[in-house]
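Results of the structural survey
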Amino acid sequence: MDRSTTDDAGGFRLFYEREITHVLAYLIATTGDRWVAEELAQEAFARAYRDWDDVRSYDSPGGWLHRVAHNLAMSRFRRLGAEARAMLRLRGMRRTPTDVGPVRHDEEFWAEVRELPDRQAQAVALHYVADRPVAEIARIMGCAESTAKVHLHRARRRLADRLQASLDDGGDR
Amino acid sequence: MNLDERARRAAASTREQAERVDTDAILARVQRSRRGRWLAPVGAVAAAAALVATAVLILPGLGSDRVEIMPGPPDAAGSSSAEEPADPDASSPGETDSPTGSGAHVWQRVEADAFVGSGEDQMRRAVHAGGTVVAVGASSDGAGIWRHDPQRPAQDPSAWQQVGTDLCGEASCEVNDVVLFGEQLVAVGSLDGLPKAWTSDDDGENWQRVDIEVGQGQQAGGPTALTAIAVRGDGQLVAFGSQQAGEAVAAPFALTSTDGRAWTEATVDFEDEEAGAEFIDAETAADGQVLAVGYIGDGTVLWAESDGVWAARHLSEADPTFGVVTTFATSLTQGADGELLLTGSVHGGQDQDGHVWRSTDDGATWQARPEGLDGTGDQQVTGLFHDGDALVAVGWTSDDPQDGEAFPAAWRQEDDRWQPTEGGHAFEEPGVIRAAVAVDGHSAVAVGSAGGSGYEADRGDERTDAAVWTYGAGAPPAQDPTAVPGSGGCSASDAASEPAAQPELPERVSEMRLAVHEAAVQCDLEELAELALAGSRDFTYSFGEGDDPASHWQRREGEGDEPLLTLSRVLDLPHATIETQFEADRYETVHVWPSAFADDATDADWDAVVDAGLVTAAEAQRMREEFGGYLGHRVGITSDGEWVFFVAGD
C-alpha cells in the first residue's frame, strides 16, 4: 500500500479528488477525445505524484496541474508530427469511428473552440470548463492577466461570430 | 442564444462527461506509476496485464509465491502480438540481438540505455557526419538528439548517448530533421510550440539553440514547428515548417539562412488555406535546387521554388501510380546519378502498399520503382540507402493493420524487384523504422521507435522508446550449425570451468548444477540433453519449439545465439527458491537461478543479472516496471535434483 492510500501523506489523494473532474473536463473539451483526456490526466497526476513534495508547496497546485495537462495535450498533438498526421488522415479513410455515444449539444461548441488559435482555446476552456478566474488563467497560461483577458476577449468574439451567438460585454472580465 | 449561456451549457455537459469517468481507476494507475514514471495507457496496461496473466500460467514464481507451472509448450503458433509473445526462448526479452539475416545482409537491433525515456520517444531522421551518426526526434526526457561515439561501432549500445539534454528545459521539445551544412550540423524542430533550430560545430556533441521569428506563426498563435531542412546548391539552408490552425489544417512556411543562425522567411504560394498544407521532407536535387514533398489537403505535392516563391505541384499529375488523395509520402532522397527517390505508400482500399518512385529529371516526372512492396497487410517505406549498387528500403509492415501492430522491415532491390531482407531477431519486436542513413558503401544505421504497439505509437497513443538498427555487410558470425555436439567449440568454450561456490545448496541440487555447468562449458549438448530429460518431470526449454533440447540449443548456437554461454553464466549467479506446482494440489520447492527471478528480488539481484550481461540496465528496468519480474534466461532445479527448466521470456 502506498502512502496516499494509507494515510494520504501530504494530501495527494485529497488534491486528486478535488481536481480530477476539473482537469478531465478541461482535457475533454480541448482534445475532443475522452480516452485521450483520461490518458493525459493520468500522466499529469503521475507527474504531480512524483513531485508531490514540491507541487504541494506551490501557490496553486491545481493551476500547476492544468498547466501540465495543457502542455501534455499540446505535446501530444505536436508529437504526432506532420508524417503521423498524414497517416491519421489516410487511416481515417477506412477507420470505423469508435462509439462516441449520442450526439451532444456541447460538441459543436467545443469543436469551434478547438478551431481557435491555441492560446485562445486554452483561455476559453479554462474560463468556462475549469471555471478559473482570469488571474489564475493568466498564471496557468504563463502570461500577464491583461494578456489572458485579450485572449479570452478575442476568443469570445470569434466564437460568437462563428456560432452566431450574441455577446454580453464583461464575459471575459 | 447568448454565447456565455451556450458556453456554460457546453461546460456543464462536459463536466457531466468527466464525472462519469472511472477516476478511481485513474488514481490506481497513477499510484502504480513507480517513481512517477510514465504509466502505459489503458491499452498497454491491458496488454501488460495479459502478459503477466500468461506468465502466471507458464512461469514459476512470477506474480505469486505459489503458482502453477505448465510444463508443455503452449500454442504460440506464429503469433507476434503483445498478448501472445512469439518464441520467447529464441531471444530473451529486450536482448541485444545476435546478428542474423540472409547472406551478407545483417540487421542488428541496438538497445542502449540512452534510447529509453519515460514517454513517447522516437527518432525521426539521422545524418552521418564526422564518422558519427546523429539521430534526431522527440524525447520525453529532453531534447531529441542522440549521437554515437565515432570511436566505437554503432552496434555497441554503450556508444550511444543522448546529447543536448539541457536545450529544452521543462518545455516540450522535438527535433524533426537534421542536415550537414559545411562543418556544421543544423537541426530544426520546435520548442513549446515555437519554431527552433539547433546548431553544432563539433559533429553533434554540443548544440546551441536558435530562436526563430516567423511572423505569420507568431501572430496567429498556433503551435508552429519546422519539419524539414536541406542545403541549396548556392550554399543556403532552406527550412520548412507549418503552423497548426486546427487538427487537420496547417499553414506552411519556408525560411532561408546562410549560417543557420539568422533566418529569413520566404514566400509560399498556399493555394487552399481551408485545406491546409504541410511539408514532410526536403532534399537537394542534382541541379542544386531544393525540393520538398508534402501535402495540400490530402493531395501529395512537390514543392519547388521559382522566382522566390515556393509553389506546389500535385504528384498525381506526374504519374498515375500516385493516388490523388491516397498517397502517403514519407521521404525524399537523392539517389545515384542524380536521381530523386521518393518513398511512401499508396492506400489501395483494403490495405496500404509500400512504394518508391524515381525521378531522373529533378522531379518533373516520376516512375514507380520495381514491384514487391505489395504483400498482405500494410507496408510503408520511410527511407532508403545504398548497399553497393543495390538500393535498400526501410520502413514497417503490419499483417493486421486494424490491431495497430507494426514491425520494422527492410527490402533490398534484387533483380529489379524488392525482396524482404531477413531481420531476424532485430525485427521481432513492434516498432517503426522512420529513416536510414548509409555510413559507408555497405552499412547503414536505421532509426525509429520501438515498443508500444508499432505504428499506433505514431499517433502518440502509447509509450515508445527511441530505436536504432544497424545494417552491415558480411556473413553473420554464426557458429557452424553442423558441429558435432560435444566435439568442442561453442559459445561457452571460454567460460569459467566451475561456477561460484554455493555451499548452502542441497547436495542433489548442487550436483545437478555442477553437472549442467560442466556440460555447458564443455559444449557437450548430448550430456546436457541427457541431464535435461533424465527426470520424471517434463523439462521446459522453449515455448512452441518442436525440436528436442539438444537440437534446439545446437540450432541456436548455429544462429549466433549463445545459449550455452548463457546457461553457464546463469548458473554462476545467486539463486533463490520458489514454490511451484507440477501436479495438482502439490507444491514443490525449486531452486532457481538467477535470484532476480524471485518475487522478492532485491536491487542487488537485479544488478547481478545486468552485470552478468543477461539483460541491459534498461531492459531490467523495463522488466521491473512493465512485467513486475525478471523474464530473462533462468534455470530451475527441484529439491530432489531434477533439472526442470532453462527458459527465457514470458
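Here the structure is shown first, and the text comes after it.
The following refers to the structure shown.

Conventions used here
The residue numbering used here restarts from 1 in each chain and proceeds along that chain's sequence as written. The naming scheme follows written order: chains are lettered A onward, ligands numbered 1 onward. Residues qualify for local features only when their pLDDT is at least 70, as the model is predicted, and side-chain atom pairs are given and counted only at 80 or more; totals for whole chains, interfaces and linings, by contrast, use all residues. Side-chain figures throughout are based on the complete set of non-hydrogen atoms in the structure, without hydrogens or water. Put simply, DSSP H or I for four residues or longer makes a helix, DSSP E for two residues or longer makes a strand, and each gets a number counted from the N terminus. Burial classification: accessible surface area is computed with a 1.4 Å probe over protein chains only, and a residue below 20% of its type maximum counts as buried, one above 50% as exposed, and the rest as partly exposed. We call two residues in contact whenever any of their non-hydrogen atoms come within 4.5 Å of each other. A residue counts toward a patch only above 30% relative accessible area and without a salt bridge, and it is joined to like-charged neighbours within 9 Å or, for Val, Leu, Ile, Met, Phe, Trp and Tyr, to nonpolar neighbours within 5 Å. Every accessible area reported is derived by Shrake-Rupley at a probe size of 1.4 Å, with residue values counting cover from the shown protein chains alone. The term salt bridge refers to a pairing of a side-chain nitrogen on Lys or Arg with a carboxyl oxygen on Asp or Glu at a separation within 4 Å. Residues scored as positive are Lys and Arg, those scored as negative are Asp and Glu, and His as well as the terminal groups of each chain are ignored. Here the site of a charge means atom NZ of a Lys, CZ of an Arg, CG of an Asp or CD of a Glu. The term nonpolar core refers to a set of buried residues drawn from Ala, Val, Leu, Ile, Met, Phe, Trp, Tyr and Cys, joined through side-chain atoms within 4.5 Å. To estimate the expected span of a helix, subtract one from its residue number and multiply by 1.5 Å.

Within chain B one finds 10 helices and 33 strands. Within chain B, buried positions represent 59% of all 650 residues. Sequence separation of at least 24 residues holds for 54% of the intrachain contacts in chain B that already meet a minimum separation of 6.

Below, the discussion takes up a negative patch on the surface. Residues and elements named next belong to chain B. A surface patch of negative charge is lined by Glu498, Glu518, Glu526, Glu527 and Glu530. Tallying contributions element by element places helix H6 (residues 525-533) first for the negative patch, with 3 residues. Along the chain, Glu530 turns up in helix H6. Classification of Glu530 as exposed rests on a relative accessible area of 55%.

A word on the nonpolar core. Membership of the largest hydrophobic core comes to 59 residues, with the highest contact counts inside it found for A:Phe12, A:Leu27, A:Phe45, A:Phe109, A:Trp110 and A:Val124. With near-sequence residues (within four places) excluded, A:Phe45 lies in contact with A:Phe12, A:Phe15, A:Tyr16, A:Glu19, A:Ile20, A:Val23, A:Leu65 and B:Val30. Membership of the second largest hydrophobic core comes to 50 residues, among which are B:Ala519, B:Leu525, B:Val590 and B:Val609.

Let us look at helix H5 (residues 507-521) of chain B. Compared with the 21 Å implied by 1.5 Å per residue over 15 residues, the 21 Å span of H5(B) between its first and last C-alpha is a close match. Immediately beyond the C-terminal end of H5(B), within one or two residues, lies B:Cys523, with a positive phi of roughly 60 degrees.

The subject of this paragraph is unusual backbone geometry. Residues and elements named next belong to chain B. Of the consecutive residues Trp593 and Pro594, the connecting peptide bond is found in the cis state with omega at 0 degrees. Its identity is not glycine, yet Asp307 carries a phi of approximately 55 degrees, on the positive side. Relative to the helices and strands, Asp307 resides in the loop between strand S17 (299-306) and strand S18 (309-314). Of note in the backbone geometry, Cys523 takes a positive phi value of approximately 60 degrees without being a glycine. With respect to the helices and strands, the residue Cys523 is situated in the loop between H5 and H6.

These values are about where atoms sit, not about what they do.
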